[in-house]
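Okay, here's what each chain looks like letter by letter:
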Amino acid sequence: MEVILGKTAGFCYGVKRAVEGAKTEIEKCKNTYCLGEIVHNKQVVENLKKKGMKFIENLEEIKQKDANVIIRAHGVPKNIYKLAKEKNIKIIDYTCPNVLKIHEIADKYSKDGYYIILCGNKNHPENLGTISYCNQNYDVVEKEEEINKIIDKIISNNMDKVLLISQTTYNLEKFKNIEKVLKNQLSKKNIELIVKNTICRATELRQKETEEIAQKVDYMIIIGGKNSSNTKKLYEIAKKHCDNTVCIETVKELEIEKLKKFNKIGIMAGASTPDESIKDVLSSL
Ligand code: SF4
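Being a predicted model, the structure only gives us computed values, none of them experimental.

What follows deals with the nonpolar core. Core analysis: the largest hydrophobic core is formed by 23 residues, its most contacted members being M220, I221, I223, L259, M268 and V281. By residue number, the principal contributor to this core is strand β10 (residues 219–223), which donates five residues. Here M268 is in contact with G6, T8, A9, R206, E209, T210, I213, M220, I221, I222, I223 and L234, once residues within four sequence places are set aside. Membership of the second largest hydrophobic core comes to 20 residues, among which are V19, A22, V44 and Y94.

If you want it as structure tokens, here you go:
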């Protein structure tokens, strides 16, 4: 049996920085909290809990004085910084620089009067942060077909400037399709369109490699957290090219007996999947 492991599988730069940073911070000070899961991966969160990290959903949960709070790679809405200051909580900011860049773009263009279309999932924490910089003047598009309704709204409300951006882990092919429809429809009405492809490079490479491997193998394993949006996208991409694609969180879910009939197996993992989970699958195969 041949096994092909993606070179880009596992932690991306932003996640690695946040997870390593969180480990260092909890060793330095036990009074450290993390706002939300540090990454969408149960194993990573459990490991940090064992070291003493406390995970909270909002700053109100912090009752101690002199607390530190870690902001994860996804970033947070801008009011969190203000609230932390009011409550005298020290922020340790591990927002990925790629996400900070999107905040900057959204802030600049919304102040310049642009209507913002953000490709991604409306409830994803990264987008909640981005939306806070859009000044109520935005729409979120998850599926390609939703764009037509938004175009109608733009035209009927006589909007004249539109910005298209994206969640860092959005599917590149879908983004390009949305861009094409927008360009085509808005140019007919002389509406200005600015496109900023804010899908991060790490995501782009990972999606590309997933596609390449899935085309070559008879069975494809995607490893990642059940609530990880970038893992879900890798699964969708692989499934398009390889019918026998599974998505698992840990090696325990792997149906190893089923795999014996396959000759070539591909492995890819999401940006929040730790090396140990990948190694476990490899050694099991
Ligand atoms: S996927 Fe990209 S944007 Fe998100 S944390 Fe990783 S490097 Fe940063």
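Annotation of the protein chain at the domain level lists domain 1 (2–9 + 201–284), domain 2 (13–95) and domain 3 (98–195). Listed as interface residues are 10 residues of domain 1 and, on the opposing side, nine residues of domain 2. For the pair domain 1 and domain 2, the summed buried area comes to about 700 Å², and 46% of that belongs to carbon and sulfur atoms. When the buried area of domain 1 at its contact with domain 2 is split by residue, N227, E249 and S272 rank highest and sum to 54% of it. Between the two partners, domain 1 and domain 2, sit one salt bridge. Put simply, E249 and K42 hold a salt bridge, and the shortest N to O gap is 3.6 Å. Of the residues assigned to the side of domain 1 that touches domain 2, the class counts are two nonpolar, six polar and two charged.

Attention now goes to the site of the ligand. Taken together, C12, G14, V15, A73, C96, N98, T168, C200 and T203 make up the full set of residues adjacent to the ligand. A molecule is said to occupy a pocket when more than half its atoms come within 2 Å of that pocket's grid points, and by this definition the ligand occupies the largest pocket. Considering only residue class, the shell around the ligand consists of five nonpolar, four polar and no charged.

Pairing in this open sheet of four strands is parallel, and the strands run β7-β6-β8-β9 from one edge to the other. Edge strands, defined here as strands with exactly one partner in the open sheet, are β7 (138–141) and β9 (192–195). On average, each strand axis in the sheet is tilted by 20 degrees relative to the strand beside it, whichever way the strands run. Strand direction decides the pairing type here: strand β6 (residues 115–119) and strand β8 (residues 161–166), joined by five bridges, are parallel. Paired with I117 across the two strands is L164, which belongs to β8. Helix-sheet contacts for helix α7 (residues 172–188) involve β6, β7, β8 and β9, and the interaxial angle to β8 is about 175 degrees.

This next bit is on the environment of E276. Turning to its location among the elements, E276 is positioned in helix α11 (residues 275–284). Judged by relative accessible area, E276 falls into the partly exposed class, the value being 49%. Expressed as a C-alpha distance, the spacing of E276 and Q43, which sit 233 residues apart in the sequence, is 9.4 Å.

In this section: the pattern of salt bridges. Under the defined criterion, the tally for this structure stands at 18 salt bridges. Across the pair K87 and E60 runs a salt bridge whose closest N-O atoms are separated by 3.7 Å. Placement of the pair is K87 in the loop between α3 (79–86) and β5 (90–93) and E60 in the loop between β3 (54–56) and β4 (68–71), with a sequence separation of 27 residues. When the shortest N-O distance is used, the salt bridge between K176 and E179 registers 3.8 Å. Here the residue K176 and the residue E179 both occupy positions in helix α7, the gap between them amounting to three residues, near one helical turn. For E179, a relative accessible area of 12% translates into the label buried. Residues participating in the shared-partner salt-bridge network are K176, E179 and K183.

Quick notes on the rules
- Residues numbered from 1 in each chain as written.
- Predicted model: local features only at pLDDT ≥ 70, side-chain atom pairs only at ≥ 80, totals over all residues.
- Heavy atoms only, no water.
- Core = buried A, V, L, I, M, F, W, Y, C linked by side-chain atoms within 4.5 Å.
- Buried < 20%, exposed > 50% of the residue type's maximum accessible area, 1.4 Å probe, protein only.
- Helix = DSSP H or I, 4+ residues; strand = E, 2+ residues; numbered from the N terminus.
- Contact = heavy atoms within 4.5 Å.
- Domains from an automatic or database assignment.
- Buried area = accessible area lost by both parts, 1.4 Å probe.
- Salt bridge = Lys/Arg side-chain N within 4 Å of Asp/Glu carboxyl O.
- Nonpolar A, V, L, I, M, F, W, Y, C, P; charged D, E, K, R; others polar.
- Near = heavy atom within 4 Å.
- 1 Å grid on protein atoms, 1.4 Å probe; cavity = no way out; pocket = protein on both sides within 12 Å on 5 of 7 lines; lining within 4 Å.
- Sits in = over half its atoms within 2 Å of the grid points.
- Pairing = 2+ DSSP bridges.
- Axes fitted to C-alpha atoms, helices over the stretch in contact; angles between N-to-C directions.

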